[in-house]
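Chain residues, written in single-letter form:
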Amino acid sequence: DAKTTQPPSMDCAEGRAANLPCNHSTISGNEYVYWYRQIHSQGPQYIIHGLKNNETNEMASLIITEDRKSSTLILPHATLRDTAVYYCIVRVAGYSGAGSYQLTFGKGTKLSVIP
Amino acid sequence: DTGVSQNPRHKITKRGQNVTFRCDPISEHNRLYWYRQTLGQGPEFLTYFQNEAQLEKSRLLSDRFSAERPKGSFSTLEIQRTEQGDSAMYLCASSRSGGMNTEAFFGQGTRLTVV
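## What about the side chain of Ser94 of chain B?
All names here are of chain B. Its location among the elements puts Ser94 in strand β9 (residues 88-95). There is a polar contact of 3.3 Å between the side chain of Ser94 and the backbone nitrogen of Ile26. Of the polar contacts made by the side chain of Ser94, one reaches the side chain of His29; its length is 2.8 Å. Once residues lying within four places of it in the same chain are set aside, the contact partners of Ser94 are Val4, Pro25, Ile26, His29, Arg31, Leu32, Tyr33, Glu103, Ala104 and Phe105.

Right under this line is the structure:
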């Protein structure tokens, strides 16, 4: 079972920031938060991951709460090409036993960017 | 293009036939994963290789499914005696081992339709 909870869908106006929330209240100390997105009929695309510090790259920013029980993916200036299903996943970065290399996807959040 | 490559992109087969899919990972990645995705669901883990060794298999991987990675480079996924329930997108991903940058990168998938 997925260890994360995400809203099923969200809308965002083109050019505005898209803030996608994720709850992971049972996250373990050695688990990272990963974000992937999947544009229709394509394979999932890696976006960003983090442990406890906020992270930023060319695609997005990841804000993780101090207690690490939730996080927010921020797309600073959403475009129509950002319309996709966004998946929040918790996973250990190294090996810690059977199943630890798997990415367990839930149903994600379908983000629709509106012109 | 140095990403994960999957062939074919689409496959239509009659029930009862065997099919084989190929995945070429990113060249320096020694881990390779297979996932399956049905309509409206997130990808589900099937199996994982480190180099040529198949280290984990999901319960979803029935006896009709077999995956190989004979030289630790490309991998094949074969489905014998296909059933209509096998219709899905089959995704391959690869990643490095060790260090912090172990995120998985996905291919575009092979869409299988069993008629």
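## Some remarks on the sheet that holds strand β9 (residues 109-114) of chain A
Residue and element names in this part refer to chain A. Taken together, 5 strands build an open sheet; the order of strands is β1-β9-β8-β3-β4 and the sheet is mixed. Looking along the sheet, the strands with just one partner apiece sit at the ends: β1 (9-13) and β4 (45-50). Strand after strand, the sheet turns through a mean of 25° between neighbouring axes, direction not considered. Judged from the 8 bridges that link them, strand β3 (residues 31-38) and strand β8 (residues 84-92) form a sheet pairing that is antiparallel.

## As for the packing of aromatic side chains
Considering all chains together, one arrives at 12 aromatic pairs over all chains under this definition. For the pair Tyr35 of chain B and Phe45 of chain B, a centre-to-centre distance of 5.8 Å together with 75° between the ring planes defines the contact as edge-to-face. Of this pair, Tyr35 of chain B sits in strand β4 (residues 31-37) while Phe45 of chain B sits in strand β5 (residues 44-50), and the two are 10 residues apart along the sequence. Phe45 of chain B gets classed as buried once you look at its relative accessible area, which sits at 6%. One aromatic cluster in this structure is built from Tyr36, Tyr46, Tyr87 and Phe105 of chain A together with Tyr35, Phe45, Phe105 and Phe106 of chain B.

Rules used throughout
Residues numbered from 1 in each chain as written. Chains lettered and ligands numbered in written order. Predicted model: local features only at pLDDT ≥ 70, side-chain atom pairs only at ≥ 80, totals over all residues. Heavy atoms only, no water. Helix = DSSP H or I, 4+ residues; strand = E, 2+ residues; numbered from the N terminus. Polar contact = N/O pair within 3.5 Å; in protein donor to acceptor, adjacent residues only side chain to side chain. Contact = heavy atoms within 4.5 Å. Pairing = 2+ DSSP bridges. Axes fitted to C-alpha atoms, helices over the stretch in contact; angles between N-to-C directions. Phe/Tyr/Trp six-rings, centres within 6.5 Å; stacked < 30°, edge-to-face > 60°. Buried < 20%, exposed > 50% of the residue type's maximum accessible area, 1.4 Å probe, protein only.

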